[in-house]
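# A look at the structure
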Amino acid sequence: MRWMKNMRQISFLLLFMMILASCGTTDKEEVTPRTHAVDTEPVSEKAAEPCMAEIEWVDFLIINNIKYYQNYDGTKAVTEEQLGDKVGEIKYMLNEHACTDHVEKNGDASFLPIGTAVYALKGYKSEFRVVANNKIYEVKDNSKAATIGELYDIDGKVEKISLESSKDGSLIGDFSKEASEEFVYELLNLTNVGFNAVYEKTKHEAGIFLRVHLQDGTSFRMVYYPKANGFNAGAFGSEKIRKIIMSQEQVKAAVGL
């Protein structure tokens, strides 16, 4: 009988040890997933990786959903007296901060520091020209503009149109006064379809460089593509505007006609 009693004690002891082992295993399984989850979270380190791409930014800014490019070759530094109302300020500078996957948004600028004020330029609607850091920025894209006349605030402000060399930008010659006036009238009535729509039709075509001279002494360049009858401003021309451009002796000579 004594041996049976001993067997019961041994059995009880073995059962107790199995329970302890089972509890230990349960605790270990609960801890391991947590430890594993912590070890495999490199998200913050990946996000902190510097951008290795070499990016040559165009000098632009975006304010009120309008994208502007700096007009560096047709303007000069703006004086304090030429500043209009403040229309916004820069929230983010892309240069040395953004990478190729950056999505452009309001307040972005390629080279202007955060906090740079953006002003209207007296004599022009802010939808056409603004000023930041004493530089003039000119509209590049405005989806709300239905026509080129709504895109460019130049009606009644143009002095003349001229033709420039596509090789070095030098002056080739001016349009006649009558041709300049007809050109501007036709241009401002063209539908604004946006640069991308024109680019799809003109990306393999050489363009003709035109310069629009304004009465305040500033100017800006436009590129005209004769085969597609398109402008880099984001419009396709009418037949009349094509005839106006292509009838100019300087243009005909430049394109070999």
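Residues numbered from 1 in each chain as written. Predicted model: local features only at pLDDT ≥ 70, side-chain atom pairs only at ≥ 80, totals over all residues. Heavy atoms only, no water.

Positioned with a positive phi, Asn133 is a non-glycine residue whose angle comes to about 55°. By the secondary structure assignment, Asn133 is in the loop between strand E7 (129–132) and strand E8 (135–141). Using a relative accessible area of 52% as the deciding quantity, one classes Asn133 as exposed. Non-glycine residue Asn134 carries a positive phi angle of around 65°. Looking at where Asn134 falls in the secondary structure, it is placed in the loop between E7 and E8. (Helix = DSSP H or I, 4+ residues; strand = E, 2+ residues; numbered from the N terminus. Buried < 20%, exposed > 50% of the residue type's maximum accessible area, 1.4 Å probe, protein only.)

A few words now on the state of the cysteines. With the rule as written, the count across this model stands at one disulfide. Here Cys51 pairs with Cys99 through a disulfide, and the sulfurs are 2.0 Å apart. Sign of the S-S torsion, about 60° for the bond between Cys51 and Cys99, identifies this disulfide as right-handed. Of the two residues, Cys51 is situated in the loop between helix H2 (43–47) and strand E1 (60–63) and Cys99 in the loop between strand E4 (92–93) and strand E5 (108–109); the sequence distance between them amounts to 48 residues. Residue classification places Cys51 among the partly exposed positions, given a relative accessible area of 30%. (Disulfide = S-S within 2.5 Å.)

This part takes up the sheet that holds strand E11 (residues 208–214). One open sheet accounts for six strands, arranged E10-E9-E11-E12-E13-E14; its pairing is antiparallel. In the strand order of this sheet, the two ends are held by strand E10 (171–174) and strand E14 (235–236), each with one partner. Along the sheet, helix H6 (residues 239–246) makes contact with E11, strand E12 (219–225) and strand E13 (230–231), crossing E12 at roughly 105°. (Pairing = 2+ DSSP bridges. Contact = heavy atoms within 4.5 Å. Axes fitted to C-alpha atoms, helices over the stretch in contact; angles between N-to-C directions.)

On to the layout of surface pockets. Its volume calculated, the largest pocket comes out at about 540 Å³. Lining the largest pocket are 18 residues, with Tyr69, Gln70, Tyr72, Arg221 and Asn232 positioned closest to its centre. Those elements that provide at least two residues to the lining of the largest pocket are strand E2 (66–70), E8 and E12. Tallying contributions element by element places E12 first for the lining of the largest pocket, with four residues. Each residue belonging to the lining of the largest pocket can be placed in one class, and the counts come to ten nonpolar, three polar and five charged. (1 Å grid on protein atoms, 1.4 Å probe; cavity = no way out; pocket = protein on both sides within 12 Å on 5 of 7 lines; lining within 4 Å. Points joined across faces, edges and corners; volume = space filled by probe spheres on them. Nonpolar A, V, L, I, M, F, W, Y, C, P; charged D, E, K, R; others polar.)

Our next topic: the packing of helix H4 (residues 177–188) against H6. Across the interface, H4 lies against H6 with an axial gap of 10 Å and an inter-helix angle of 150°. On the basis of their axis angle, the class for H4 and H6 is roughly antiparallel. With respect to the hand of their crossing, H4 and H6 are arranged in left-handed fashion. Touching Ala179, Glu182, Phe183, Glu186 and Leu187 of H4 are Lys240, Ile241, Ile244 and Ile245, all from H6. (Parallel < 35°, antiparallel > 145°, perpendicular 65-115°, else oblique. Left-handed = near helix turned anticlockwise from the far one by under 90°.)

So, on to the environment of Ile63. In this structure, Ile63 sits in strand E1. Since its relative accessible area comes to 5%, Ile63 is described here as buried. Taking the C-alpha atoms as reference points, Ile63 and Lys105, separated by 42 residues in sequence, lie 8.5 Å from one another. Setting aside residues no more than four positions away along its own chain, Ile63 makes contact with Tyr68, Val87, Gly88, Glu89, Asn106, Gly107 and Val118.

Quick look at the packing of aromatic side chains now. On inspection of all chains with the given rule, the structure shows eight aromatic pairs. Taking 6.2 Å as the distance between ring centres and 80° as the angle between the ring planes, the aromatic pair formed by Phe175 and Phe183 counts as edge-to-face. Overall, Phe175 belongs to the buried group, its relative accessible area being 5%. With centroids separated by 6.1 Å and ring planes inclined at 65°, the aromatic side chains of Phe183 and Phe231 adopt a geometry described as edge-to-face. Placement of Phe183 in helix H4 and of Phe231 in strand E13 is noted, with a sequence separation of 48 residues between them. (Phe/Tyr/Trp six-rings, centres within 6.5 Å; stacked < 30°, edge-to-face > 60°.)

Another point: the side chain of Ser110. Position of Ser110 relative to the elements: it lies in the loop between E5 and strand E6 (117–121). Accessibility expressed as a relative area gives 0% for Ser110, which makes it buried. In this structure the side chain of Ser110 is engaged in a polar contact, spanning 2.9 Å, whose partner is the backbone nitrogen of Phe60. Sequence-distant contacts of Ser110, defined by excluding residues within four places in its chain, comprise Trp57, Val58, Asp59, Phe60, Met93, Leu94 and Asn95. (Polar contact = N/O pair within 3.5 Å; in protein donor to acceptor, adjacent residues only side chain to side chain.)

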